[in-house]
Amino acid sequence: MTLEAERAVPVARAVAFRASRWRGPLAGAWRGLRKAPVSAWFGLSVIGGYLVVAVVAPLIAPYGEAQVVGNQYEAWSAQFPFGTDQLGRDLFTRLVYGARNTIGIAVLTTMLSFLLGGALGLLAAVLGGWIDQALGRLVDVLMAIPQLIFALMLLSIFGPSVKNLVLIIAVLDSTRVFRLSRAVGMNVAVMDFVEAAKLRGERLGWIMRRELLPNIMPPMVAEFGLRFCFVFLTISALSFLGLGIQPPTADWGSMVRENATLINYGDVTPLLPAGAIALLTVAVNCVVDWFIHQTSGLRDEH
Amino acid sequence: MTSTDRRDGVLLEVRGLRLAGEADEVWHEIVKGVDFTLRRGEVLGLIGESGAGKSSVGLAVMGYARPGCRITAGAVLFDGIDLARAPERQKRAIWGRRIAYVAQSAAAAFNPAHTLIEQCLEAPVRHRRRSGDEARREAVDLFQKLRLPEPETIGFRYPHQVSGGQLQRAMVAMAMACAPDLIIFDEPTTGLDVTTQIEVLAAIKAVVRQVRTAAIYITHDLAVVAQMADRIVVLRGGAVVEEAPTRQMLADPKAPYTKSLWAVRSLRKAEEAGAGLLLQVRNVSAGYRGVRVLDDVSVRVPRGRTVAVVGESGSGKTTLARAITGLLPPLAGEVVFDGRALPRALKDRDRESLRRLQMIYQSPDTALNPRQRVREILGRPLEFYRRASGAARERRIGELLDMIELSAGFADRFPGELSGGQKQRICIARALAAEPQLIICDEVTSALDQLVQEEILKLLLRLQRELGVSYLFITHDLATVKAIADEIVVMWRGRVVEQGMKSEVLTPPHPEYTGLLLSSVPEMDPDWLDTLLANRAGEARPVPV
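The rules behind each value
- Residues numbered from 1 in each chain as written.
- Chains lettered and ligands numbered in written order.
- Predicted model: local features only at pLDDT ≥ 70, side-chain atom pairs only at ≥ 80, totals over all residues.
- Heavy atoms only, no water.
- Helix = DSSP H or I, 4+ residues; strand = E, 2+ residues; numbered from the N terminus.
- Rg over C-alpha atoms; globule rule 2.2 N^0.38 Å.
- Buried < 20%, exposed > 50% of the residue type's maximum accessible area, 1.4 Å probe, protein only.
- Areas by Shrake-Rupley, 256 points an atom, 1.4 Å probe, with all protein chains shown as cover.
- Lys, Arg positive; Asp, Glu negative; His and termini not counted.
- Charge placed at Lys NZ, Arg CZ, Asp CG, Glu CD.
- Contact = heavy atoms within 4.5 Å.
- Polar contact = N/O pair within 3.5 Å; in protein donor to acceptor, adjacent residues only side chain to side chain.
- Nonpolar A, V, L, I, M, F, W, Y, C, P; charged D, E, K, R; others polar.
- Pairing = 2+ DSSP bridges.
- Axes fitted to C-alpha atoms, helices over the stretch in contact; angles between N-to-C directions.
- pLDDT = per-residue confidence, 0-100.
- Salt bridge = Lys/Arg side-chain N within 4 Å of Asp/Glu carboxyl O.
- Patch = residues over 30% accessible without salt bridge, like charges linked within 9 Å, V, L, I, M, F, W, Y side chains within 5 Å.
- Core = buried A, V, L, I, M, F, W, Y, C linked by side-chain atoms within 4.5 Å.
- Parallel < 35°, antiparallel > 145°, perpendicular 65-115°, else oblique.
- Left-handed = near helix turned anticlockwise from the far one by under 90°.

A few points about the overall build of chain B
- Helix and strand counts for chain B stand at 22 helices and 20 strands.
- Relative to its length of 545 residues, chain B is compact, with a C-alpha radius of gyration of 25 Å against a globular reference of 24 Å.
- The principal-axis extents of the C-alpha atoms in chain B amount to approximately 75 × 55 × 45 Å.
- Across the 545 residues of chain B, 56% fall into the buried class.
- Of the roughly 22400 Å² of accessible surface on chain B, a fraction of 49% belongs to carbon and sulfur atoms.
- Of the charged side chains in chain B, 74 are positive and 68 negative, and the gap between their average positions amounts to 2 Å.

Right, here's the structure in full:
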């Protein structure tokens, strides 16, 4: 890697501007990472840790996800590292599985909302006119209703299954994605190269995918991180309220609710799933912050 | 020390100035030891291509370095004070009050939320502790000297309520409000039409003469600097190539680089009459949302020839291009291409007629997708129109790069890794990939340096000879027209004033507007502006602007 970077330095000098892609995306990413602040490193390692835990959950967890292994509310011990919950299930095990369920569903939901909102946003940006107006007003209507209350209402209508949860939150969240992708897409859509593609006779899909999308990726990726946090928090909040992920599936939001009474007795156990949520949110924000700073052209001037 | 300077009349002395700029954490020297002296009341022209360090030197004269830049060595002695080393507080007391700066884009330099006069009063009231009334009287006086219309009341307008040329003059007034000893003009007329440029140049010249302030005039336009400067410094790659009084420099440039700059304007193409018409625009009218921009426009383009469309901005040149390509479907009239009327709207045209009519844009920066490599940019039209793929596509990309005089290695580059001239070449190659019969060139050279312009024009001429392609060449620069055109179409306010062979249009008698346009193009003669203004005043011809 270093050798490659050294070889590239004269090239960069000769060309006299950023030529990082000469050396492939990996080298570029590594160069960026080396310059990343501590907060970004912290965020990346926390996210990495969560992902590892989520993937290998069955290997780490000492018991089954919904397995009743002891008495209710047992204290912390060697056998049950964080004690047991209201049904006698091991809390450590459920925390580990919770990473898998909560993060998995949140990632799925966020991706779905980006697919939907991003595609419609770009469509509105390229076509403009009445399609843009219609989509824009529809989004306004959806955004006018408080998101959490709207989600609660829809969930009680359609029933709180995981599928419904993912779909409802994805649709509600895609309104924000729509606004962003439309706004940044508009900036690119007025560029001459988009006009050149239209003059060439390119189809709409090609223009959206090949001309616009690559150019709006940086803000979209940054937004993905942020939206993931919100989706994650919404799911946790819905689960806490009992309409999110349903028992016996382990999930951090409902774990806080189920064990909330313990806090009255000075037991910090319910704070563990809450802390897990908080830590991931902070970590993702750290990474997003760094990423936005990298790509928005904001430079420290002094 | 100060007293001797005063006696000599030396206001500014730049000695061994060096600047470094940072890119990717590596510091490069961008100005490599520049020396010059400026006396009171003298105007120094600083010319060079983009990247020569003109603007950086202009700012360094104020002791200011842009973010990512720093002054590494040398001295900037302004009236005995070394601004390169002076503390921020001392510099701040001088900026705006004794040294003023006029930027290229007045629209960006004015705060859109305040009236012109408010912004012109700010500096004098703060720096010189003038009362508001006094300063206002002086500002109105300056507006008058700069020949702004209705000097008494124009100050109460907001920046968007005046024209570009007026705003540029208002900005000069703002800079002069404190009666500074030195004004730095950084390309103050670059964004303006020739007919507007004249007014601004004349106003600046007159006011600089009257107030006897010293000035540094930065530009890439030789003819402009010839009008303005007493002495010219030619910069290249951050170093001084040549320095001489204006007349001497124009009559007898010494350095080979200076000579090559002088030669650019003499590129000429012998006109040829065309055989057979390729494109006919017949009585086309077009507009946006009820505003009619083109009114009954007819233009003919012969096969294998170049027709230049000239006119100031707002004359409908670009709208004409949009109407021909179908981006803006005409309201009336028809576009006949190769004997067949094209459907009005782009979406109704078939792929074959799209292929035969290509377009090249003014700004190569926005005309190329920054996320696509050259291979993809050139390869797409090949596979789209010709269904070329694999080795055939690759071979054709190589041929195209060869045609535009770039090596095959460029196929792997992103547009960000190319210079402005190279980008424009890639745009040309993209148009050629479709093997078109007509290429519409919309101001394709106006964003480029003069030497690069010449190369691009030569390339276009060569390609026309080899491939027999026709050009509809939209421009406001008459030097370019002389270099490339066979026929000329003059447009004014959405109408065609005249179309004819180059020699016919360029020789008198002219229709009124053509005459004004032609006489407004700066010439490389230091007396040109004064003579022209004297003539115009003599004729007292109403100016149709």
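Back to the write-up after that little detour.
Observations concerning the overall build of chain A
- Counting its secondary structure elements, chain A contains 12 helices and 0 strands.
- For chain A, the α and β elements follow one another from N to C terminus as α-α-α-α-α-α-α-α-α-α-α-α.
- When each of the 302 residues of chain A is scored for burial, the buried share is 43%.
- Of the contacts made within chain A by residues no fewer than 6 positions apart, 69% connect residues no fewer than 24 positions apart.
- Summed over its atoms, the accessible surface of chain A is roughly 15200 Å², and 68% of this surface lies on carbon and sulfur atoms.

Section: the interface of chain B and chain A
- Opposite the 33 residues of chain B that make contact, chain A presents 26 residues.
- Our count for the contact surface shared by chain B and chain A stands at 11 residue pairs in polar contact (both at pLDDT 80 or more).
- Mapped onto the side of chain B that touches chain A, the elements with two or more residues apiece are β2 (26-39), α12 (317-325), α14 (364-367) and α15 (374-386) of chain B.
- Grouping the constituent residues of the side of chain B that touches chain A by class yields 15 nonpolar, 7 polar and 11 charged.

Notes on the sheet that holds strand β3 (residues 43-47) of chain B
Residues and elements named next belong to chain B.
- Spatial strand order, β6-β7-β8-β3-β9-β10: 6 strands in an open sheet with mixed pairing. Of all the strands in the sheet, just β6 (99-102) and β10 (239-245) have a single pairing partner and so form its edges. Within this sheet the neighbouring strands show an average axis-to-axis angle of 15 degrees, counted without direction.
- As defined by bridge partners, β3 adjoins strand β8 (residues 214-219) across 5 bridges and the pair is classed as parallel. Across the sheet, residue Leu-46 finds its bridge partner in β8, namely Ile-218.

Description of the confidence of the model for chain B
Residue and element names in this part refer to chain B.
- The share of residues in chain B with pLDDT of 70 or more is 97%, and the mean pLDDT across the chain is 86.
- Across residues 1-7, confidence stays below pLDDT 50; counting only partners more than four residues off in sequence or on other chains, it has 7 contacts.
- Note that pLDDT drops below 50 for residues 541-545; the model gives that stretch 9 contacts with residues more than four away or on any other chain.
- Across the predicted assembly, pTM comes out at 0.79 and ipTM at 0.76.

Comments concerning the pattern of salt bridges
- A complete count under the given rule lists 53 salt bridges over all chains for this structure.
- The partner of Glu-195 of chain A in a salt bridge is Arg-322 of chain B, with the nearest N and O atoms 3.2 Å apart. Within this pair, whereas Glu-195 of chain A is found in helix α9 (residues 192-200), its partner Arg-322 of chain B is found in helix α12, the two belonging to separate chains.
- A residue is classified by how much of its surface remains accessible, and Glu-195 of chain A, at 17% relative accessible area, is buried.
- Overlapping salt bridges bring together Arg-200, Glu-202 and Glu-211 of chain A together with Arg-380, Glu-383 and Arg-393 of chain B as one network.

A look at the environment of Thr-37 of chain B
Residues and elements named next belong to chain B.
- Turning to its location among the elements, Thr-37 is positioned in strand β2.
- As for Thr-37 and Val-200, which are separated by 163 residues in sequence, their C-alpha atoms are 26 Å apart.
- Discounting residues that sit within four places of it in the chain, Thr-37 has contacts with Val-10, Leu-12, Glu-13, Arg-15, Glu-42 and Arg-231.
- Here Arg-15 takes part through its side chain, which lies 3.1 Å from a polar atom of the side chain of Thr-37.

Remarks on the side chain of Glu-223 of chain A
- The topology assignment puts Glu-223 of chain A in helix α10 (residues 204-240).
- Dropping the residues within four chain positions of it, Glu-223 of chain A is found in contact with Phe-114 and Leu-180 of chain A.

Focus: the environment of Glu-455 of chain B
All names here are of chain B.
- Position of Glu-455 relative to the elements: it lies in helix α18 (residues 450-467).
- A relative accessible area of 41% means that Glu-455 is categorised as partly exposed.
- In the structure, Glu-455 is positioned 111 residues away from Arg-344 in sequence and 35 Å away in space, judged by C-alpha atoms.

Comments concerning a nonpolar patch on the surface
Residues and elements named next belong to chain A.
- A surface patch of nonpolar side chains, amounting to about 370 Å² of accessible area, comprises Trp-76, Ile-263, Val-268 and Leu-271.
- Structurally, the position occupied by Leu-271 is in helix α12 (residues 271-295).
- Residue Leu-271 is classed as partly exposed on the basis of its relative accessible area, which comes to 48%.

Details of the confidence of the model for chain A
Residues and elements named next belong to chain A.
- When the pLDDT values of chain A are averaged, the result is 83; 88% of them are 70 or greater.
- In this model, residues 1-22 is a region of pLDDT below 50 whose contacts with residues beyond four sequence positions or in other chains number 23 contacts.
- This stretch, residues 298-302, has a pLDDT under 50; its non-local contacts, to residues over four places away or in other chains, come to 3 contacts.

Some details on the nonpolar core
- Counting residues in each nonpolar core, the largest one holds 76 residues, and the members touching the most others are Leu-401 and Ile-426 of chain B.
- Those residues in contact with Leu-401 of chain B, other than ones at most four positions away along the chain, are Val-374, Leu-378, Leu-406, Ser-407, Ala-408, Phe-410, Ala-411 and Ile-426 of chain B.

Overview of the environment of Gly-191 of chain B
- Inspection of the secondary structure assignment puts Gly-191 of chain B in the loop between β7 (182-186) and α8 (194-211).
- Judged by relative accessible area, Gly-191 of chain B falls into the exposed class, the value being 70%.

Notes on the packing of helix α16 (residues 390-403) of chain B against helix α17 (residues 420-433) of chain B
All names here are of chain B.
- Their axes nearest at 9 Å, the elements α16 and α17 cross at an angle of 130 degrees. For the element pair α16 / α17, the angle class is oblique. Crossing of α16 against α17: the hand is right-handed. In this structure, α16 uses Arg-396, Leu-400, Leu-401 and Met-403 to contact α17, whose residues at the interface are Ile-426, Ala-429, Leu-432 and Ala-433.
- Its residues assigned to classes, the contact of α16 with α17 shows 7 nonpolar, no polar and 1 charged.

Some words on the sheet that holds strand β20 (residues 495-501) of chain B
Residues and elements named next belong to chain B.
- Taken in spatial order, the 6 strands line up as β16-β17-β18-β13-β19-β20 in an open sheet, and their pairing is mixed. Either end of the sheet is taken by a strand with one partner, and the two such strands are β16 (357-360) and β20. Here the average twist between neighbouring strands, direction ignored, is 15 degrees.
- Pairing geometry for strand β13 (residues 306-310) and strand β19 (residues 487-492), over 4 bridges, is parallel. When the bridges of β19 are listed, Val-310 appears paired with Val-490.
- Packed on one face of the sheet, helix α21 (residues 512-519) meets β13, β19 and β20 and runs near 105 degrees to β19.

So, unusual backbone geometry
Residues and elements named next belong to chain B.
- One non-glycine residue, Asp-296, adopts positive backbone phi at about 55 degrees.
- Mapped onto the secondary structure, Asp-296 falls in strand β12 (residues 291-302).
- Although it is not a glycine, Asp-338 sits at a positive phi angle of roughly 55 degrees.
- Taking relative accessible area as the criterion, Asp-338 reaches 27% and is therefore assigned partly exposed.

Comments concerning the side chain of Thr-213 of chain B
- If you trace the backbone, Thr-213 of chain B turns up in the loop between α8 and β8.
- For Thr-213 of chain B, the residues in contact, after removing those within four places along its chain, are Gly-41, Glu-42, Met-176, Pro-180, Asp-181, Leu-182, Ile-183 and Val-208 of chain B.

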